[in-house]
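For reference, the chains in residue letters:
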Amino acid sequence: MAKGKRGQLSMNFDSERISKLFGVFLLFLSFYFFIAFTSYFFTWKNDHDVVFHFTWDLFLGDIQVDNWLGRLGAFLSDSIIYWGFGVASYGFVYLLYKYGMAMVRRTPMAYMAMIMQRTVIIMVIVSIVASFFFQTLEFPWGGEFGKSISNYVQNFLGIIGTLALMLFALVATFVWSNNPNLEEYTWQSVLDETKQAWNDLLSGNFAKRSKVPPPPPPPVVRTKMDPVPPPVDAVPPPSSIDKETLAPPPAVPTAAQLAFDLSQKSALFAEPPAKREALQPGGDDLEIIVPVTPPPVTSPEDAMAYKPPVVAVQEDNPNLSEPYDPTLELSHYEFPHTQLLVEYPDQTLEIDREELETNKNLIIQTLFNFKIEIEKIRATIGPTVTLYEIIPAKGIRISKIKNLEDDIALSLSALGIRIIAPMPGKGTIGIEVPNKKRQIVGMREVLMDERFKRAKMDLPIVLGKTIQNEVFVADLTKMPHLLIAGATGQGKSVGINVVLMSLLYKKHPSQVKLILIDPKKVELFPYARLENHFLGFLPDQMEPIVTDTTKVVHTLNSLIIEMETRYDLLKKAEVRNITEYNDKFVGRRLNPNKGHVFLPYIVLIIDEFADLIMTAGKEIELPIGRLAQLARAVGIHLIIATQRPSVNIITGVIKANFPARIAFKVASKVDSRTILDAGGAEQLTGRGDMLLSVGGDIVRLQSAFVDTPEVERVIEYISNQQGFAEPFFLPEFHPDGDAGGSSGAKEFRLADMDDMLEDAGRLVVETQHGSTSMIQRRMKLGYNRAGRIMDQLEALGIVGPADGSKPREVLFYGIEELNRFFIELKNRR
């Protein structure tokens, strides 16, 4: 056992600590070279003569030098500055610093190789330019390297030719870093871009704006015995969320669509002039459209974090006429990069021709056995399921096919199929059949998709992939609240992590705040490290993740106070929602001296809602209902997850105010109807297979997968950066017994406390049974006096309120705790 522990410690030491120690060593070298180089500017005359004539004596003899870091500093400075790059040698200091910080922060080395390449190019250019313009000075501003190249170019091209070459190098640098469209440029735009390129050159910001040409059309592979039928138009994807909620679809199709045209008639969905012949199993007419997957990102720049467009940071005393930048306080914040996430292999969608043909024949045969004829059938392959769309013959009732769900599942030997009759807006009937080989939808893959990277949404969340194998992105502000339900172990916690990762990768800490409630105490605890970046909680709360039921009630009521405060600000600003308010504030049309502030979005996430309803009941449901009804306009959005989709948990108030609902696999059709108001969730395959319902439209998705180590790496990357001076505190909330009604309670305790109140309190706590009849019976009191004592125990917070004929809840668990409470009460007198 001890040997295993030693091996584990050694592995951890090699992978993390040595990297950080080496990074600290590089930072020390960077500081050492900076001091030595700076000293050389003042002591170079004497040090150069000593190093040039007494090189070996520097290490073996007793030679005096003037460099601030002694003989080694003089030798290194003279070797690098005089015989090297001159003043451009400070690039070595910059490289050592960047590599040291990269080793400490564990930044990918691919990004550092890009920085090193550009830094070396800049050093060479600066060395040559400095030698050319300062060649008459005694100090080697460009070093021997720059001097030798400058002299050669001057002798070869002359002074005018050298200036022309430098001008060409400047223009080439501009074109290289900006990739401009020269046909659209005027003289003024050229000057502006040149200035911007020079600023980028100094700051090291070389974001390439390359224009990627559209990929070639997908190749078509046809296999058939008879002549090729006319091409079949691609079936549009099933209806989903409205256009404002979804990201626009890309020009490149990514779905694998297979069309079975066994009738050799006109194109799909075209009504024939004559009656079609019914399809028979065993047809050999098959057209396959091979999906074309966009090439993977190979550039280190594209693999790094993509920052949403924000207002430029004003470094030097910004003018009040310029827009306000909410990210100014954390202007150096770096978004997490996708290399922190796992890239799963075999992301290309595989087409099993044999499986598709077998399922097609079995579906046709099963329907034919029940005397149901079909005219068309086609398949669309997704990461988890394949959608078979059929057109029944004239006169076939849809309900007849709908009732054959179990028979088709039996013939296909599938885990469970779902029949969509009819497909919305298509005039077809859909049969979803699970694939034998599932495809893992990685978090890194969906975050790098163009739909998410280019999404112009306030709170974009990427949920996974559709049946068309397309990444599904939605806007939480348009939902505006999300209900997640499903059986245990079907992917709810992973789904919550996917939503949180989407927000962390897309939003700045000043733009969104997260209120996390985790009654299970083990699901969301890694996010506690983001306390000073993204989290919000009560001022008197010890931990940023809310786990105690009492604190949950206080947090919800505090959010109601925050909501009302924001509505007051919107009323003063004469706007209707948070978007218009923040636009006014950023445009400096609202005065901060009058109480106006920039309002970040607030996302409340509750991991296990059923446990809170069971323990607190109406104290939880009422504030949740009020927030769901009113908080949308002020930027407060709710995400609630539960594993008990029963009617007493998901009540009518919750369903009415949560139009967006996600259902993972459930046990019965009743649970599916409770969540979605429709069946289908009981036929899901699990492991992230889910149905999303928005406004009555249901879309089947395969949730993205993010593992706990990936979440921890992203959180560590963010937490290691500078955060706000203090967390985002919610308004203080004082319950009636602590704030508003405290004076009345003290007056009541001092004047009307019964003499036998303490004995009655001890009896109730000992028995853990809050009953008036028990106090009357055990203490031999009249019913009226026992009732008054019970009311006083409730006012003091020893027992809870009356609950019909049931005994009251006892809020103290031990006699010692109760005795301390009575002692404090006597001291207040």
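First, a word on scope: everything that follows refers to the structure included in this document. These numbers were taken from a predicted model, which means no experiment stands behind them.

## What about the overall build of the protein?
Link 1 in the chain: Per the secondary structure count, the protein includes 26 helices and 18 strands.
Link 2 in the chain: The buried share of the protein, taken over its 829 residues, is 47%.
Link 3 in the chain: Excluding contacts between residues fewer than 6 apart, the proportion of contacts in the protein whose partners are at least 24 apart in sequence is 69%.
Link 4 in the chain: As displayed, the protein offers around 42600 Å² of accessible surface, 57% of which is attributable to carbon and sulfur atoms.

## Some points on the sheet that holds strand S17 (residues 697–703)
Link 1 in the chain: Sheet architecture is open: nine strands sit in the order S9-S8-S17-S16-S15-S10-S14-S13-S11, paired in mixed fashion. Of all the strands in the sheet, the pair left with one neighbour each is strand S9 (471–475) and strand S11 (512–517). Taking the axes of each pair of neighbouring strands and ignoring which way they run, one obtains an average angle of 25° across the sheet.
Link 2 in the chain: Sheet topology note: the strand S15 (residues 660–663)/strand S16 (residues 689–694) ladder contains four bridges and is antiparallel. Bridging across to S16, Arg 661 finds its partner in Ser 693.
Link 3 in the chain: Sheet strands touched by helix H15 (residues 549–573): S11, strand S13 (601–606) and strand S14 (636–642). Its angle to S13, the strand with the most contacts, is close to 160°.
Link 4 in the chain: Strand contacts of helix H20 (residues 669–676): strand S10 (482–485), S15 and S16, with the helix running at about 160° to S15, the strand carrying the most contacts.

## Here's the deal with the nonpolar core
Link 1 in the chain: Ranked by internal contacts, the top residues of the largest apolar core, which has 115 residues, are Met 443, Tyr 527, Ile 620 and Ile 624.
Link 2 in the chain: Top element by residues in this core is H15. It accounts for nine residues.

## Some details on the pattern of salt bridges
Link 1 in the chain: For the coordinates displayed, the defined rule picks out 24 salt bridges.
Link 2 in the chain: Where Glu 523 meets Lys 520, a salt bridge forms, and the shortest distance between an N and an O atom there is 3.7 Å.
Link 3 in the chain: Note that Arg 566 and Glu 562 form a salt bridge whose closest N and O atoms lie 2.9 Å from each other. With Arg 566 and Glu 562 both in helix H15 and four residues apart, this pair spans about one turn of that helix. Judged on exposure class, the residue Arg 566 and its partner Glu 562 are both buried.
Link 4 in the chain: Overlapping salt bridges bring together Arg 418, Glu 432, Asp 689 and Arg 700 as one network.

## Quick look at helix H4 (residues 90–105)
Link 1 in the chain: With 16 residues, H4 should reach 22 Å at 1.5 Å per residue; the first-to-last C-alpha distance of 23 Å fits that figure.
Link 2 in the chain: Of the residues making up H4, those classed as buried are Gly 91, Val 93, Leu 95, Leu 96, Gly 100, Ala 102 and Met 103.

## Thoughts on helix H16 (residues 578–586)
Link 1 in the chain: What H16 keeps buried is the set Ile 578, Tyr 581, Asn 582, Phe 585 and Val 586. Buried residues of H16, seen end-on, are gathered within an arc of 130° and therefore sit on one face of the element.
Link 2 in the chain: On its buried face, H16 sits against H15 and S13.
Link 3 in the chain: Taking the backbone nitrogen of Thr 579 as reference, a side-chain oxygen 3.2 Å away marks Asn 577 as the first, capping residue of H16.
Link 4 in the chain: Among the residues trailing H16, Arg 588 stands out with phi positive, at a value near 60°.

## Some points on the pairing of strand S7 (residues 429–434)
Link 1 in the chain: For S7, a buried count of six out of six residues is recorded, marking the element as mostly surrounded by other parts of the structure.
Link 2 in the chain: On S7, burial covers both faces: Ile 429, Ile 431 and Val 433 on one face and Gly 430, Glu 432 and Pro 434 on the other are all buried.
Link 3 in the chain: Two strands pair when backbone bridges link them, and strand S5 (residues 385–392) and S7 are joined in this way by six bridges, in the antiparallel orientation. Each bridged residue has a counterpart across the sheet, and for Glu 389 the counterpart in S7 is Gly 430.
Link 4 in the chain: Pairing between strand S6 (residues 418–420) and S7: three bridges, direction antiparallel. Of the residues in S7, the one forming a bridge with Ile 420 is Gly 430.

## What to know about the pairing of S9
Link 1 in the chain: Within S9, five of the five residues are buried, which leaves it mostly tucked inside the rest of the structure.
Link 2 in the chain: By the alternation rule, side chains of S9 split into Val 471, Val 473 and Asp 475 and Phe 472 and Ala 474, which are all buried.
Link 3 in the chain: Summarising the sheet, strand S8 (residues 460–466) and S9 pair through five bridges and their orientation is antiparallel. Paired with Pro 460 across the two strands is Asp 475, which belongs to S9.

## What about unusual backbone geometry?
Link 1 in the chain: The residue after Ala 421, namely Pro 422, is reached through a cis peptide bond having omega -5°.
Link 2 in the chain: Examined against the element boundaries, Pro 422 turns out to sit in the loop between S6 and S7.
Link 3 in the chain: Note the cis peptide between Met 479 and Pro 480, where omega equals -10°.
Link 4 in the chain: Tracing the chain through its elements places Pro 480 in the loop between S9 and S10.
Link 5 in the chain: One non-glycine residue, Gln 768, adopts positive backbone phi at about 55°.
Link 6 in the chain: Checked against the element boundaries, Gln 768 lands in the loop between helix H23 (757–767) and helix H24 (772–778).

## Observations regarding the packing of aromatic side chains
Link 1 in the chain: Inspection of every chain in the model, using the stated rule, returns 27 aromatic pairs.
Link 2 in the chain: Summarising the aromatic geometry, the rings of Phe 22 and Phe 25 are spaced 6.4 Å apart at their centres and angled 35° between planes, so their arrangement reads as tilted. Within this pair, Phe 22 and its partner Phe 25 are both found in helix H1 (residues 2–53), separated by three residues, close to a single helical turn.
Link 3 in the chain: Each ring, one from Tyr 324 and one from Phe 585, has its centre 5.2 Å from the other, and the planes form 85°; the classification is edge-to-face.

## Quick notes on the packing of H15 against helix H17 (residues 609–616)
A pair of packed helices can be characterised by two numbers: the angle between their axes and the separation between those axes.
Link 1 in the chain: Put simply, H15 and H17 touch, their axes get as near as 10 Å, and they point 100° apart. Relative to H17, the element H15 lies roughly perpendicular. Contacts between H15 and H17 involve Thr 549, Val 552 and Val 553 on the former and, on the latter, Leu 612, Thr 615 and Ala 616.
Link 2 in the chain: When its residues are assigned to classes, the contact of H15 with H17 shows four nonpolar, two polar and no charged.

## Observations concerning the side chain of Thr 386
Link 1 in the chain: Its location among the elements puts Thr 386 in strand S5.
Link 2 in the chain: Thr 386 gets classed as buried once you look at its relative accessible area, which sits at 3%.
Link 3 in the chain: Among the polar contacts made by the side chain of Thr 386, one reaches the side chain of Asn 435 at a distance of 2.6 Å.
Link 4 in the chain: Not counting residues up to four positions away in its chain, the partners in contact with Thr 386 are Leu 356, Ala 379, Thr 380, Ile 381, Ile 431, Glu 432, Val 433 and Asn 435.

## Section: the packing of helix H9 (residues 353–369) against helix H11 (residues 405–412)
Link 1 in the chain: Axis separation between H9 and H11 bottoms out at 10 Å; the angle between their running directions is 135°. On the basis of their axis angle, the class for H9 and H11 is oblique. H11 is crossed by H9, and the crossing has right-handed handedness. The residues of H11 that touch H9, namely those facing Asn 359, Leu 362, Ile 363, Thr 366 and Leu 367, are Asp 407, Ile 408, Ser 411 and Leu 412.
Link 2 in the chain: In terms of residue class, the contact of H9 with H11 is built from five nonpolar, three polar and one charged.

Rules used in this analysis
Every chain begins its residue count from 1, and numbering advances along the sequence as written. This being a predicted model, a pLDDT of at least 70 is required before a residue's local features are given, and a value of 80 or more before pairs of side-chain atoms are given or counted; all residues contribute to the totals for chains, interfaces and linings. Think of the side-chain values as coming from all heavy atoms in the structure, minus any hydrogens and water. Strands are runs of DSSP state E lasting at least 2 residues, helices are runs of H or I lasting at least 4, and numbering of each runs from the N terminus. Throughout, exposure labels follow a simple rule: accessible area from a 1.4 Å probe, protein chains only, divided by the maximum for the residue type, with under 20% read as buried, over 50% as exposed, and the rest as partly exposed. Two residues form a contact once any of their heavy atoms are found within 4.5 Å. Areas reported as accessible are Shrake-Rupley estimates using a 1.4 Å probe. Residue values count occlusion only from the protein chains shown. Following DSSP output, two strands are said to pair if at least two bridges run between them. Between N-to-C directions, angles span 0 to 180 degrees; the directions come from axes that are lines fitted to C-alpha atoms, helices contributing only their stretch in contact. Among buried residues, the Ala, Val, Leu, Ile, Met, Phe, Trp, Tyr and Cys ones that are joined through side-chain atoms within 4.5 Å form a nonpolar core. Salt bridges are counted wherever a side-chain nitrogen of Lys or Arg sits within 4 Å of a carboxyl oxygen of Asp or Glu. Between the first and last residue of a helix there are one fewer steps than residues, each counted as 1.5 Å, and that sum is the expected span. Throughout, the arc means the angular range of directions from the helix axis out to the C-beta atoms. Under the rule applied, a polar contact is a pair of N or O atoms within 3.5 Å (in protein, one hydrogen donor and one hydrogen acceptor; residues adjacent in sequence only if both atoms are side-chain atoms). Each Phe, Tyr or Trp ring, with Trp reduced to its six-membered ring, pairs with another whose centre is within 6.5 Å; inter-plane angles below 30 degrees give stacked pairs, above 60 give edge-to-face pairs, and intermediate values give tilted ones. An angle below 35 degrees is treated as roughly parallel, one above 145 as roughly antiparallel, one from 65 to 115 as roughly perpendicular, and anything else as oblique. Gly is placed with the polar residues, together with every amino acid not listed as nonpolar (Ala, Val, Leu, Ile, Met, Phe, Trp, Tyr, Cys and Pro) or charged (Asp, Glu, Lys and Arg). By definition, turning the near helix anticlockwise from the far helix through less than a right angle yields a left-handed crossing, and turning it clockwise yields a right-handed one.

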